[in-house]
Amino acid sequence: MAFRLRLVPAQTNIDFFRWQFLTFGFSTILAVLSVVFLLIFGLNFGIDFRGGTTIRTESTQAIDVGVYREALQPLGLGDVAISEVFDPTFRDDQFVSQVRISAQDGVESVTPETISAVEAALKAVDPAITFPSVESVGPKVSGELIKTAIYAVLASLVAISFYIWVRFEWQFAIGAIVSLVHDVLITMGIFSLFQIKFDLTTIAALLTIVGYSINDTVVVFDRLRENLMKYKKRPLRDLMNLSVNETLSRTLMTSGTTLVALIALLVLGGDVIRSFVFAITFGILIGTYSSVYVAKNVVLWLGVKRDWSKKDPKEVGSPFSGAEVD
Amino acid sequence: MLQIDRWKRILIIGICLLGLAYAMPNLFYKRVEAHNDAVATIEKTGVTTPELEAARDGWPGWLPNGLVNLGLDLRGGAHLLGEVKVEQVYKSRMDSLWPELRSALAAERATVGAIRRVPAEDGVLKIEIGNPEQLARAVEIVRGFSEPVTTLSGAGQTSLAISAAGNTITIQLSDAEKAVTDDRTIQQSLEIIRRRVDEVGTREPTIMRQGEDRVLIQVPGIGSAAELKALIGTTAKLTFNPVVGTGGDPDARVGIGQVVLPSADQDGIYYTIEETPVVTGEELTDALPSTDQNGLPAVDFRFNPTGARKFGAYTSANVGQPFAIVLDDQVISAPVIRQAITTGSGQISGSMDYEEANRLAVLLRAGALPAELNFLEERTVGPELGQDSVDAGRIASAVGFAAVIVLMVLSYGMFGVFAAVALGVNMVLVFAILSIIGATLTLPGIAGIVLTIGMAVDANVLVFERIREELRTARGPARAIELGYERAMSAIVDANITTLIIAAILFVLGSGPVKGFAVTLSIGIVTSVFTALFVTRLITVFWFERARPRHIEV
């Protein structure tokens, strides 16, 4: 087996900081744009977070959204969004649509009457229609779901930075957090820009991105720590470049296998989880980028104390408090 | 050198084989499922039919029979999240306290004066007394109805919170009693829901408490959430009421405190009953199908002491009169009292067959929900959509798996093959663990598995890349492999622990599908570390020992 697929040459010597202002600018612009998108467009919250009802319809007849809308008009349900779903995994005679009804005024819980009225109205215009899934979330629960989702994201950021701080040093923890926030923010920006449905599973996707991105970052940090011990005198910047170069083939290989598996899921996994898989796929790309271009730049700016035998001139005591910039 | 002790080798291979054994039933899902159902039915009913035997013998009993539980989104079914309106119980407690209080206070009418219940919000009992100077005496009487609450935190507290001002006494449940009551209400609700859902005999329903006052109900294989709601019933209430009359007119004129209710099984028969029940289902402790003295199907029941006392007093005063057993505003049965029932147990007999007796016993036992359920969330997934998702997930996993293997073999040659074998073992172990712990596989769970397929090779990649580096310093293949594993270790540990932290947070804070994703993700992380560090290494060592290469290429 002589042939080997090499995603990167055996030995690379790329100066990742050469373009640091460009990459930093790129990251900053993306992050700022994401915030702007979030402020302007907001997120397309699914019923998990907004309350309401989603009915999935399926028919052997082609779907005319206009006809559906007219059929539902007399029910006076307020905001009704009907969208047709297209998917490569569907059969030729499979036509799927998504009917979203916002939470009804003054109704604490979900009324089966509303659902059956909608189902009856749609059956009247298309007798072949079936309702493979119906989901309703009351406004009380949706509020709580938002809260737990935010807690989950914050808790994971805190837990991870704590772990990194314990295993490495505080500069690494900050670098990791910055890159994680960067990844999450930009992914959310994409969700906002394209108005992709944002629900509970999207939060799971975001947390997975956090997990993956940190995984990537930690491998680089781990190598950096090893090199810091090996080459006591070399400048931090060189060591960082060395570490990233040394781990580059691993980074790209793992991202490659993960992406390959995810793309299979993205194409063949059906439309039900597509936005979820899309979030993870995009997040892995941005996470790989950030572990190379974001996390360690922050660490470089913060500096890392190098020589543990000497007491820190500024402060004697906590081994985590010193900083020294090469 | 590349040494692995013999016992370690046996252990690693043993774990893999064990994983294979436990994962295998999932390949024969339908057969194993039928086998398990048949075994359960035979055990429950004691009846063995040829069909059941055939189903049971479809899978050998000595093989593992644990299956990966398919979630609602993959199997179809209904999901409900209900909130138990616990405050309703406070109200009924106060309402039932009032008659007792009234008679106790009335006995002291000479001192406290006339008494009157005045309007107050639900769950609060306000009593005005005619003689304000004797308020202290009245409070003392009321206090006699307060009992100590036995809880860990509420020691020394009593069940009623009583305050008095002017000529008014305000009574409500104390906080400690409320907490105890809430807990009991939820437990009762869960029990009742469980019994009612069990009635339809569906497989593995999930009925559990969530948070303070919520219940989560997930029933696979049921057509819709609406159906499930109807099954559970939202206001079902069982009472035993005095019967005033029987007739065929639903609009019969009735006196104050009386209502007309239809018969549950006889069309056109209506009963006029006293609205205030003698005893309620909450005071029933047990009900069993049995036979009466003529050998006809009947139902035996038993009350708790309070219920027994009330029932005894009523039946001894009303021998020869009918009384109505009312469930959900329908009269199930209106037997005539033949004799006073003072023992707290009795029998309902009438025209019913064994099946009906059994059903009535279940209904009586299950009784009424102590408080209404308010549904906050409901989800229905049709079985076809579930099947589509399973198929899509299966194809995506297979394609992803193949693609990752191709990429690995192209990149690392022989070692890539080792990693591919380990990846296969990894998948087997994931399914084995899912089957053993009885975890539920959901659609995001499948996504978690596919993601694991991609990420599982990461530990291998770290090791292989490291071996490549070590080879460059030309220390010989054996040493390079060993150093590769050694040096990659800390990166592997750190990288996987951080991912595991995320998975744990997802598991704790997530609900439903997110939890399912967290489960497969964390299992995948653990098994992939195991396969990368032990299985791949063992394969490498086996190969190394046989081939004894002078030179290796990774």
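Since the structure is predicted, the reported quantities are computational estimates derived from the model, not experimental observations.

Definitions and limits used
Residues numbered from 1 in each chain as written. Chains lettered and ligands numbered in written order. Predicted model: local features only at pLDDT ≥ 70, side-chain atom pairs only at ≥ 80, totals over all residues. Heavy atoms only, no water. Domains from an automatic or database assignment. Contact = heavy atoms within 4.5 Å. Buried area = accessible area lost by both parts, 1.4 Å probe. Phe/Tyr/Trp six-rings, centres within 6.5 Å; stacked < 30°, edge-to-face > 60°. Helix = DSSP H or I, 4+ residues; strand = E, 2+ residues; numbered from the N terminus. Buried < 20%, exposed > 50% of the residue type's maximum accessible area, 1.4 Å probe, protein only. Pairing = 2+ DSSP bridges. Axes fitted to C-alpha atoms, helices over the stretch in contact; angles between N-to-C directions.

**Focus: the domain arrangement of chain A**
Interface size is commonly expressed as the accessible surface area that is lost when the partners come together.
Residues and elements named next belong to chain A.
Phase 1 of the analysis: Under the domain assignment, chain A is made up of domain 1 (19-44 + 142-302) and domain 2 (52-137).
Phase 2 of the analysis: Distance from the C-alpha centre of domain 1 to the C-alpha centre of domain 2: 37 Å.
Phase 3 of the analysis: The interface is formed by nine residues belonging to domain 1 together with eight residues belonging to domain 2.
Phase 4 of the analysis: Buried surface at the junction of domain 1 and domain 2, summed over both partners, amounts to about 580 Å²; 45% is from carbon and sulfur atoms.
Phase 5 of the analysis: Looking at the side of domain 1 facing domain 2, the largest losses of area belong to Lys-197, Asp-271 and Arg-274, adding up to 53% of the total buried there.

**Brief notes about the packing of aromatic side chains**
Residues and elements named next belong to chain B.
Phase 1 of the analysis: Going through the model one piece at a time under the given rule, you end up with 32 aromatic pairs over all chains.
Phase 2 of the analysis: For the pair Phe-415 and Phe-418, a centre-to-centre distance of 5.5 Å together with 65° between the ring planes defines the contact as edge-to-face. Taken as a pair, Phe-415 and Phe-418 lie in helix H13 (residues 414-437) at a separation of three residues, close to a single helical turn. Per residue, the accessibility class of Phe-415 equals that of Phe-418, and both read buried.

**Looking at the sheet that holds strand E4 (residues 124-129) of chain B**
Within a beta sheet, neighbouring strands are joined by backbone hydrogen bonds and run either parallel or antiparallel to one another.
Residues and elements named next belong to chain B.
Phase 1 of the analysis: Pairing is antiparallel across the open sheet formed by four strands, whose spatial order is E3-E4-E6-E5. Looking along the sheet, the strands with just one partner apiece sit at the ends: strand E3 (115-118) and strand E5 (160-165). Ignoring which end each strand starts from, the neighbouring axes of this sheet average 25° apart.
Phase 2 of the analysis: One ladder, built from six bridges, connects E5 with strand E6 (residues 168-173); its direction is antiparallel. By the bridge assignment for E6, Ala-161 is matched with Gln-172.
Phase 3 of the analysis: Taken strand by strand, helix H5 (residues 87-106) contacts E3, E4, E5 and E6, and its axis lies near 20° from that of E4.
Phase 4 of the analysis: Running over the sheet, helix H7 (residues 135-143) touches E4, E5 and E6 and is turned about 170° from E5.

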